[in-house]
Amino acid sequence: LLQSINKRSHVDFDPQQMKCIHHKFVEQAVNHPQKICVMLDEQSLTYGEVLHRVQYFASYLIRECSVQPGHIICQCVERSIEMVIGILAILSCGACYTPLSPNDPINRTLVLIKDLKSNIVLIHSLTQNKFIDKKNEDNIYFINIQQAICGCQIMCDEKDLNLLSNILVTVDNIAYCLFTSGSTGEPKAVQVCHRSFISGMETVLHLNIMTNIDLVLQLIACSFDVHLLELLGSMTAGATLVMLKREGNLDLNYLMSVIHKKQITFAIFIPTFMLIIEAFLKETEQINHMETLRTICCGGRYDTWKFRLIPAASSFLL
């Protein structure tokens, strides 16, 4: 029975049509420049506005920091719109994105940076104090994203755009690198190429797990690979990403308010967190705040796609 079901679900995706992650984002921005791309409380940017900032910042990294395809760039930022711009700018340079958790001890963070042999770390105002005493060690350059893109009101000129368009990146280039927890020894860096991520997203889109009309909640911490499904997945699908404020995932009243007010349709919860939400909803009788959710994914790692799909809020409380 299982074999017959698997045979009926087989779909061939044309490998010749596969594009890099940032190319898929640019395609969405060109087709829908006025569509809201990302929201955080009262802040919002359209796809066209995000693209402009990404192009500006990416050209800045190439010109001022000599970033080249294949370089590894780390990013240590809290949840913010700058997080989105930083990731897409890194990929637009042909470089490899590696997230660093702001909650990790500074010594662990520096060990990870050294292990990657990376000399560029993107930060912003909420994380710059973490590295305030380390700025001259090991020739690491700390770049404040907010300061770097403050001149975004100046349009990118043709020279900047040509600089980005001449960068050769293929689907077999490494898109991002993530560290294991290190619970069984030293943390290990795992590399994922553009092809692997886009292949997974093709499946997600084909099964309508995520669509271009979804409002996607950004809940997962950058330590876990699923945050890239929320961030980059929504950008490549043409959906709208709704971010939480710093530590907003720890405030259940705020979280439920965002889901309700922003009318979130797509969310990912780890099993433990889902049980906490279930208990909270029973206690506060706020189940109606979940009624806009079209799809809830609950499960393990993005690379194994162990997700439970719950297509209606009425079945959230099992």
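Reading the values: the criteria
Residues numbered from 1 in each chain as written. Predicted model: local features only at pLDDT ≥ 70, side-chain atom pairs only at ≥ 80, totals over all residues. Heavy atoms only, no water. Salt bridge = Lys/Arg side-chain N within 4 Å of Asp/Glu carboxyl O. Helix = DSSP H or I, 4+ residues; strand = E, 2+ residues; numbered from the N terminus. Buried < 20%, exposed > 50% of the residue type's maximum accessible area, 1.4 Å probe, protein only. 1 Å grid on protein atoms, 1.4 Å probe; cavity = no way out; pocket = protein on both sides within 12 Å on 5 of 7 lines; lining within 4 Å. Points joined across faces, edges and corners; volume = space filled by probe spheres on them. Nonpolar A, V, L, I, M, F, W, Y, C, P; charged D, E, K, R; others polar. Core = buried A, V, L, I, M, F, W, Y, C linked by side-chain atoms within 4.5 Å. Contact = heavy atoms within 4.5 Å. Axes fitted to C-alpha atoms, helices over the stretch in contact; angles between N-to-C directions. Parallel < 35°, antiparallel > 145°, perpendicular 65-115°, else oblique. Left-handed = near helix turned anticlockwise from the far one by under 90°. Expected span 1.5 Å × (residues − 1). Polar contact = N/O pair within 3.5 Å; in protein donor to acceptor, adjacent residues only side chain to side chain. Phe/Tyr/Trp six-rings, centres within 6.5 Å; stacked < 30°, edge-to-face > 60°.

For the protein, an unreviewed UniProt entry supplies the name AMP-dependent synthetase/ligase domain-containing protein and the organism Didymodactylos carnosus.

**Q** How should I be thinking about the pattern of salt bridges in this particular structure?
**A** Opposite charge on two side chains permits them to pair, given that their charged atoms come into close proximity. Inspection of the entire model under this criterion finds six salt bridges. Two residues, lysine 19 and glutamate 27, come together in a salt bridge whose shortest N-O distance is 2.2 Å. Two residues, arginine 246 and glutamate 78, come together in a salt bridge whose shortest N-O distance is 3.3 Å. With arginine 246 in the loop between strand 10 (240-243) and helix 10 (252-261) and glutamate 78 in the loop between strand 3 (72-75) and helix 4 (81-92), the pair connects residues that are 168 residues apart, well separated along the chain. Overall, arginine 246 belongs to the partly exposed group, its relative accessible area being 43%.

**Q** So what exactly am I meant to see when it comes to empty space enclosed by the protein here?
**A** Empty pockets left among the atoms are what a rolling probe the size of a water molecule brings to light. Evaluated as defined, the whole model comprises one cavity of 30 Å³ or more. Lining the largest cavity are Lys24, Ile198, Met201, Glu202, Leu205 and Thr236. The element contributing the most residues to the lining of the largest cavity is helix 8 (residues 194-206), with four residues. Split by residue class, the lining of the largest cavity holds three nonpolar, one polar and two charged.

**Q** How should I be thinking about the nonpolar core in this particular structure?
**A** As a rule of thumb, soluble globular proteins bury nonpolar side chains together. In terms of nonpolar packing, the biggest core is built from 68 residues, with Val38, Phe57, Leu61 and Leu122 touching the most fellow members. No other element matches helix 4, which puts nine residues into this core. Apart from the residues within four sequence positions on either side, leucine 61 is in contact with Ser66, Val67, Ile73, Ala89, Cys93, Leu122 and Ile143. Listed in part, the 23 residues of the second largest apolar core include Met256, Ile264, Phe280 and Leu293.

**Q** So what exactly am I meant to see when it comes to the packing of helix 4 against helix 9 (residues 226-237) here?
**A** Any two packed helices are characterised by how steeply their axes cross, that is the angle between the axes, and by the distance between the axes. Two elements in contact, helix 4 and helix 9, have axes separated by 11 Å at closest approach and are oriented at 70 degrees. Considering their axes alone, helix 4 and helix 9 lie roughly perpendicular with respect to each other. Like other packed secondary-structure pairs, helix 4 and helix 9 cross with a definite hand, here right-handed. Here helix 4 contributes Met83, Val84, Ile87, Leu88 and Leu91 to the contact with helix 9, which in turn contributes Leu231, Leu232 and Met235. Of the residues contributing to the contact of helix 4 with helix 9, the split by class is eight nonpolar, no polar and no charged.

**Q** Mind showing me how you'd approach the packing of helix 2 (residues 21-31) against helix 9 here?
**A** For the pair helix 2 and helix 9, interaxial distance at closest approach is 7 Å and the crossing angle is 45 degrees. For the element pair helix 2 / helix 9, the angle class is oblique. From helix 2, Ile21, Lys24, Phe25 and Gln28 reach across to helix 9, where they touch Leu232, Met235, Thr236 and Ala237. Tallied by class, the residues present in the contact of helix 2 with helix 9 amount to five nonpolar, two polar and one charged.

**Q** Help me out: how do you make sense of helix 9 in this one?
**A** Every α-helix winds through 3.6 residues per turn, so residues three or four apart in the chain are directed the same way. An ideal rise of 1.5 Å per residue puts 16 Å on 12 residues; helix 9 measures up with 15 Å between its terminal C-alpha atoms. Within helix 9, 12 of the 12 residues are buried, which leaves the element mostly enclosed by the surrounding structure. Every buried residue of helix 9 is accounted for by Val226, His227, Leu228, Leu229, Glu230, Leu231, Leu232, Gly233, Ser234, Met235, Thr236 and Ala237. In the segment just after helix 9, glycine 238 is the residue with positive phi, at about 85 degrees.

**Q** Just checking my understanding: could you explain the side chain of threonine 127 for this structure?
**A** Its place among the elements puts threonine 127 in the loop between strand 5 (120-123) and strand 6 (141-144). Apart from residues lying up to four places away in sequence, threonine 127 is in contact with Cys76, Val77, Glu78 and Pro102.

**Q** I would appreciate a short explanation of the side chain of asparagine 144 in the present structure.
**A** Within the element layout of this structure, asparagine 144 appears in strand 6. Take asparagine 144: its relative accessible area is 9%, and that puts it in the buried class. At 3.2 Å, the side chain of asparagine 144 and the side chain of glutamine 128 are in polar contact. For asparagine 144, the residues in contact, after removing those within four places along its chain, are Ile123, His124, Ser125 and Gln128.

**Q** Mind showing me how you'd approach the environment of cysteine 193 here?
**A** Structurally, cysteine 193 can be placed in strand 8 (residues 189-193). Taking the C-alpha atoms as reference points, cysteine 193 and valine 171, 22 residues apart in sequence, are found 6.7 Å from one another. If we ignore the near neighbours within four places in the chain, the residues touching cysteine 193 are Val171, Asp172, Asn173, Ile174 and Ala175.

**Q** Any chance you could explain the packing of aromatic side chains here in plain terms?
**A** Counted under the stated rule, the structure contains five aromatic pairs. Aromatic side chains tyrosine 176 and phenylalanine 197 sit 6.2 Å apart centroid to centroid with 85 degrees between the ring planes, which places their arrangement in the edge-to-face category. With tyrosine 176 in strand 7 (residues 174-179) and phenylalanine 197 in helix 8, the pair connects residues that are 21 residues apart, well separated along the chain. Each member of the pair, tyrosine 176 together with phenylalanine 197, is buried.

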